[in-house]
Structures are given as C-alpha cells and as structure tokens.
Amino acid sequence: MLFPFRGFERDLSMKRKIILNRLLISLGTIFLIVTISFILVNLMPGDPLVNIMGDDQYYRVKYSDPELLEEIAKKYGLDGSLGERYVKYLGNILRLDFGFSFTRNRSVLDIVLYRLRWTLVLAVPATILSALFGALLGIRAGWYQNGLLDRIMTPLTLVLNTIPTNCTAILFLTLFSYKLRLFPISGMASGGLTGGAYIRDVMWHMCLPLSVMVLSRTCSNFIHMKSYVIQVKGEEYILTAVAKGVPKTKVLFRHVLKNALLPYVTILCMQFGHIVSGSVMIEVVFSWVGMGNVMNTAISASDFPIMQMCFLLTAVCMVVSSILADVLYVLLDPRIKEV
Amino acid sequence: MLDIQNVSVKFSSASEVGAVEDVSLTLQKGTKTALIGETGSGKSVLLLAVMKLLPATAEISGSVLLEGTDLLSLSEEELETIRGDRISYIPQGGGNGLNPLMRIGMQIGEPLIDHRGYSKKKAIAQSVELLRRFRLGKEETWVRAYPHMLSGGMRQRAMIAMGIAAGSRVILADEPTKGLDQDRIQGVAECFQYLQGETLLCVTHDVNFAASVGEYISVMYAAQQLEYAKKEAFFEHPLHPYSRAILDAMPERGLKSNIGFAPPHDAYSVKGCRFSDRCPYKNKLCDEKKPPFIDVKGHKVRCWQYAD
C-alpha cells in the first residue's frame, strides 16, 4: 500500500500553505474591488465630475466658472490621463487617503472611522449575543426535536424571521418608547454627561436597537443551528456512538456539537461580513448615527467620496469574513487538505 | 449467549408486511453466524432491533436475551451500560460510521472511557494494541489519523477493533464488506477470524463472505427467516428453493439460475409464502397459508415441501 502518512508530518505546513494561498487570493480580490470602484467612476460616460457633482451643479459651474471646475477636478484627482489618475488613486488608497467629503468639509476617513465606531458598538455585541443565543437554543431544540422548546421556538422564529427588521424596529419604538416610555425615542446619548454616567446613558439608548438586531439574528441563527443538529443527529456515526454505549449527553458534546458547529461558523462569518452595512435600517429608524446612517445620507446627498469609501469598506469586510471562514474551516476540519 | 426470540419489527407507517417478522435465532457462545439476504430483506433492521437502536417509530415485539437479560425490556440508561460493553454493533466500513472530526484512536478507545473509566490517553494507547490485533501496520500513526485518511478496508478493521474495545463478547456486524473489492473483503474476513471466543452475528449479502466467516448460515427473505443451518449443511444441501437459487446464481457454480431481485414489500401475498411468486415448485398451499419454520434434523426451513 502507498505510504499514507504524507499528510501527517506535512499537515501543519500544508495548512499554512492553504491559509497563505487564501490570503493572497483575498488581497487580489480587494485589489480588484478597488479597481472596479475606480472604473465605475471614471469610465462612466461623460465627465466623471458629472457623477460626482450631479447634473445641475456640474453644468451650472461649467458655464459660470470653468476655472472652478478645473480646480474641483484637481481636488478630486480628476486631472491628467486615465493611467495617471489610476496610479494616483491607488497611491491615495495605500496612504488611506480617501479624499474629502462633499457635503461636510472633513476628510472622508475621519467621518467614516468615527461613525464606524458607533456602528461597531451596536453590531459587535449584537453579532456575539445572537450567535450565542441562536446556538444554545438551536442545539437544544435540535437535540430534543419536537420537545417543548422546539415546538415554541420554531414557529415563532419562522414568523419573526419573515418580518423585516425595520418593521420590528418601528414596532419596538412605538411600544417601548412611545407608549411605555421605557427607552429613549432616538439618538445615541443625552448631552452633557461624562464618565460612567455617559456609558450608562449610551447603553440605555442602545437597548432597543440592540434588542431588535439580536432578535432578528437570533431567529435565523436558531433555524440554522437547529437544522444542522438534526442533520448531524441522523448521521451514521451518531448511531455508532450510541451503539458504543456513549451516554446521551456525551454523544451530544463529543460527536454532534463539533460537526454541527462547522457549518454554523460559516454563517457567523457571513454575518461578520455584513457588520458594517447590515444595520442601515435599524440605524435609520433609531437615529443611530453610525455607518448605516452615513451611507443613507451620503446617498441622498450624492456625497460621492463617502459612498466610495463605504463601498470599499463593505467589500473589504466581506472579503475578510470569507477568508476568516476559510481559515477557520482549514483549522477545524481535518478533511480540508487541498486548496 | 444471545437468544433472539420471535422478534418482529414494524414501522407504523409501513404496509402490512413488517420490516422483520417473527425471527428467532440462537447464537451459542463463541459461534459465528452469517445472516444473508437481499437489500430490504430486513437483516440490518434485525441487528438494530436487537440492540434497540431503531428510531422510536419502530414497533418491536419479541425478546432478545443476552445471557438471560431481555434487552428489549431495558430502559435507555440501562442499555447505555450494556451497549459497547457486553454487546457491540459494527457499522459498515464503506459508510459514514466513523465521526469525521475525531481521531481514530479516540473513537476506538471511546468504549473504554465510558465503560471502564479509562483516561483518554490510556484509551488511545489501548486502541493501538487493539489495532495490532487486526494487523493494520503502523498502528501508532493510524490512531492519530482521521477517518477520511483510511481506506474502506482499514476503516472496517478499525471498527471491528472498536467493537471489541471494551471486551464485548457479542458482536453484531452490519454488511462489513459493502463497498469493498474482493481483496479487501478477504482481509475483512481474516479479521473476523481473529475474533476468538467472541460471538458474532454478521449481516451480509455476499455469499462467499458468509461462507468464510460464518459457522451457521441464516437466510432472510422479505422480512422472514427462510432457512437456518450449519454452514456445511447449507452449502451442500440447501433446502429452500430460494437458497438453492442463490447458490446456483453464483459464478462459482456456473450461474445456473437467474430469478432477478426480490419485489418491493407491498407486492407480496400476505397470506401465503413470501417466495411463492418466484418459486418454481409452488403449489396451491403456498399461496394460501404461511409455511411454518420446519426443523429437518437441526436444519430449519420455511417451506411447505418439508411439511409432513
């Protein structure tokens, strides 16, 4: 028989190789995204400034003050040949220079990073909490299929899962803020507070938007986890474990869990990909001034540089999350050997 | 050692014909019995029923006595202490019977951890010894491997080792040759010959494999047991027309018969003999009355031909 252990000694180096390979592919993808974003602006018919400034403004400036137009073009790096502009654009991105906002006279990077912080304050705990709740409830409901928890949770989550988050958000807002006056109607913090009082105040403001996000994501996580557990439970190796006399709870912890968590990790990573852009609706409803809100206003105000950076950031998040899923899979699943 | 008495299995949703009907088999200590039959004849269901591993929807009747204890009357908790300890089930090597994310050594040693209180390390060390018994070669390395790294034949051997890990004396094996080529089948047969003192009930649809492993042969057809005999008696003088057809259909015996495959379960006459539609010797009685399991000098057969 062929020497079958090539894999063992080279296991680690092989895994390292796969991970390196995935990293390179991701870098390539990001480069491609950056380039596409450039092409979208620059190769659209007409002067790219039209796309940046909008028809009205462009033609007004063009006829009243052509020199100003040139100046604006220079400011946005739109002078020179296409090749020159591309190189300059790449250079700017490498230096994390995303230009100036159109509507607010600040650098795009400053605005976006500041807003990103507020989005993460909401999205990170929401992702973690819903991952935990979804997993715990899903495992229990899948393991005790047709048990009480399953019979209550499954129809409930299916219904909740079909309601768009902005509807739930408005519902929560009406009920808890307007009618019951338990939580603030909007915003992220009351003015004039510092230290511990400020943090408590922010958390109080966070309650509703966070609950809505956790609720909707827990529902979909629950449905996924439950189906993974049920699927694994039906596998032949689970029968083997039971036939070996492995006690029931140990069957769950030793055999079912790891196999069910593997696909669960993938959907969690996909959620991470939406971390920047996934909360637009909720942010708008609760006037939470994070990335979603920035994107929303940038689009209505045609603030192109901000839109471009949001687009890049969202794309990069997606790429990072998919490579995260790949790397985790390589580390967790011994079967993955080939690129 | 293991006494299967009038075991029947019915899935509530199934047709009038059960999955297993009134099967009785007595396995003497240290003997090896091969249970042969076509796909769907109920042989694998019988194995699972013996260990009470069937889903809750299955209705099992009869009794399974393991050294006097009726397994079918035990609770799930009581069964946990017996399964893998006194009676083991060996799944198909070609299938998905091993956890893909757990190392072989841990899976083989698992019964030792749960039944003998071994530490993980000690159990894995013991699994090396167990694999050695089946001459896998490079056992220390293989225990660190994951199932997908092993070939089908090696997986089957690992699973036999797993079955006897905690010293279980009764082994039930489910189609251990499925998906293996002739050479590997030979290897698996050898592995079963290494089992000395264990009582084996092996389900297979490979007649040659049954001949090399079993000391007793039992034939199942459409949920019923048609014949039971010592190996020599079975191969030299098969009594049931179905058994004769099987043996005549073997290439070694010149492919003398070809009666095709068994029809689906709902196509049988419920009243008479299940095999009557395909039987060249059938008479009126066969269609009307179910033949009894007749004892012809220790050779049992379910056929009207042998009734007095």
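The preceding data block contains the structure.
This report concerns the structure included in the present document.

Cut-offs applied
Residues numbered from 1 in each chain as written. Chains lettered and ligands numbered in written order. Predicted model: local features only at pLDDT ≥ 70, side-chain atom pairs only at ≥ 80, totals over all residues. Heavy atoms only, no water. Contact = heavy atoms within 4.5 Å. Buried area = accessible area lost by both parts, 1.4 Å probe. Salt bridge = Lys/Arg side-chain N within 4 Å of Asp/Glu carboxyl O. Polar contact = N/O pair within 3.5 Å; in protein donor to acceptor, adjacent residues only side chain to side chain. Buried < 20%, exposed > 50% of the residue type's maximum accessible area, 1.4 Å probe, protein only. Pairing = 2+ DSSP bridges. Helix = DSSP H or I, 4+ residues; strand = E, 2+ residues; numbered from the N terminus. Axes fitted to C-alpha atoms, helices over the stretch in contact; angles between N-to-C directions. Core = buried A, V, L, I, M, F, W, Y, C linked by side-chain atoms within 4.5 Å. 1 Å grid on protein atoms, 1.4 Å probe; cavity = no way out; pocket = protein on both sides within 12 Å on 5 of 7 lines; lining within 4 Å. Points joined across faces, edges and corners; volume = space filled by probe spheres on them. Nonpolar A, V, L, I, M, F, W, Y, C, P; charged D, E, K, R; others polar.

## Topic: the interface of chain B and chain A
If you look at the interface, chain B gives 35 residues, while chain A gives 28 residues. Overall, the association of chain B and chain A removes approximately 2,800 Å² of surface from exposure, summing both partners, and the carbon and sulfur fraction of that is 64%. Connecting chain B to chain A are four salt bridges. For Arg254(A), the salt bridge identified is with Asp114(B), shortest N-O distance 3.1 Å. Linking chain B to chain A there are 16 residue pairs in polar contact (both at pLDDT 80 or more).

## Some thoughts on the pattern of salt bridges
The full count for this structure, using the stated rule, is 22 salt bridges over all chains. A salt bridge links Arg132(B) to Glu140(B); the nearest nitrogen and oxygen atoms lie 2.6 Å apart. A relative accessible area of 33% places Arg132(B) in the partly exposed class. Exposure remark for Glu140(B): the relative accessible area of 46% places this residue in the partly exposed category. One salt-bridge network, in which partners are shared between bridges, spans Lys244(A), Lys250(A), Arg254(A), Glu110(B) and Asp114(B).

## Considering the sheet that holds strand E11 (residues 294-296) of chain B
All names here are of chain B. With respect to topology, eight strands assemble into an open sheet ordered E6-E7-E8-E3-E9-E10-E12-E11, the strand pairing being mixed. Lying at the two open borders of the sheet, with one neighbouring strand each, are strand E6 (87-90) and E11. Neighbour-to-neighbour, the strand axes of this sheet turn through a mean angle of 20 degrees, independent of strand direction. Pairing analysis gives five bridges linking strand E3 (residues 32-37) to strand E9 (residues 216-221), with the strands arranged parallel. In the strand pairing of E9, Ile36 is matched with Val219. Packing against the sheet, helix H10 (residues 241-248) makes contact with E9 and strand E10 (224-230), and its axis sits at approximately 105 degrees to E9.

## So, the sheet that holds strand E1 (residues 2-11) of chain B
Residue and element names in this part refer to chain B. The four strands lie next to each other as E2-E1-E4-E5, forming an open sheet whose pairing is antiparallel. Here the strands that pair on one side only, and so sit at the sheet edges, are strand E2 (20-27) and strand E5 (69-70). Direction of pairing for strand E4 (residues 58-66) relative to E5: antiparallel, over a ladder of two bridges. By the bridge assignment for E5, Leu65 is matched with Asp70. Sheet strands in contact with helix H1 (residues 43-50) are E1, E2 and E4, and its direction is about 115 degrees off that of E1.

## Topic: the nonpolar core
Within the largest apolar cluster, 42 residues are counted, with the highest numbers of intra-cluster contacts made by Phe98(A), Val276(A), Phe286(A), Trp288(A), Met291(A), Ile306(A) and Leu312(A). Among the secondary structure elements, those contributing two or more residues to this core are helix H1 (6-42), helix H5 (82-94), helix H6 (108-143), helix H8 (165-179), helix H9 (195-233), helix H13 (291-300) and helix H14 (304-332) of chain A. With nine residues, the single largest contributor to this core is H6(A). Once you skip the residues sitting within four places of it in the chain, Leu312(A) turns out to touch Ile33(A), Val34(A), Ser37(A), Tyr89(A), Ile93(A) and Phe98(A). Core analysis: the second largest hydrophobic core is formed by 37 residues, Leu25(B), Leu46(B), Leu54(B) and Leu201(B) among them.

## Some remarks on the layout of surface pockets
Each pocket or cavity is described by its volume, and for the largest pocket that value is around 710 Å³. Taken together, 22 residues line the largest pocket, and the ones lying closest to its centre are Val242(A), Leu53(B), Leu54(B), Pro55(B) and Glu76(B). Of the residues forming the lining of the largest pocket, the biggest block, four residues, is contributed by helix H10 (residues 236-243) of chain A. Class assignment for the residues of the lining of the largest pocket results in 13 nonpolar, one polar and eight charged.

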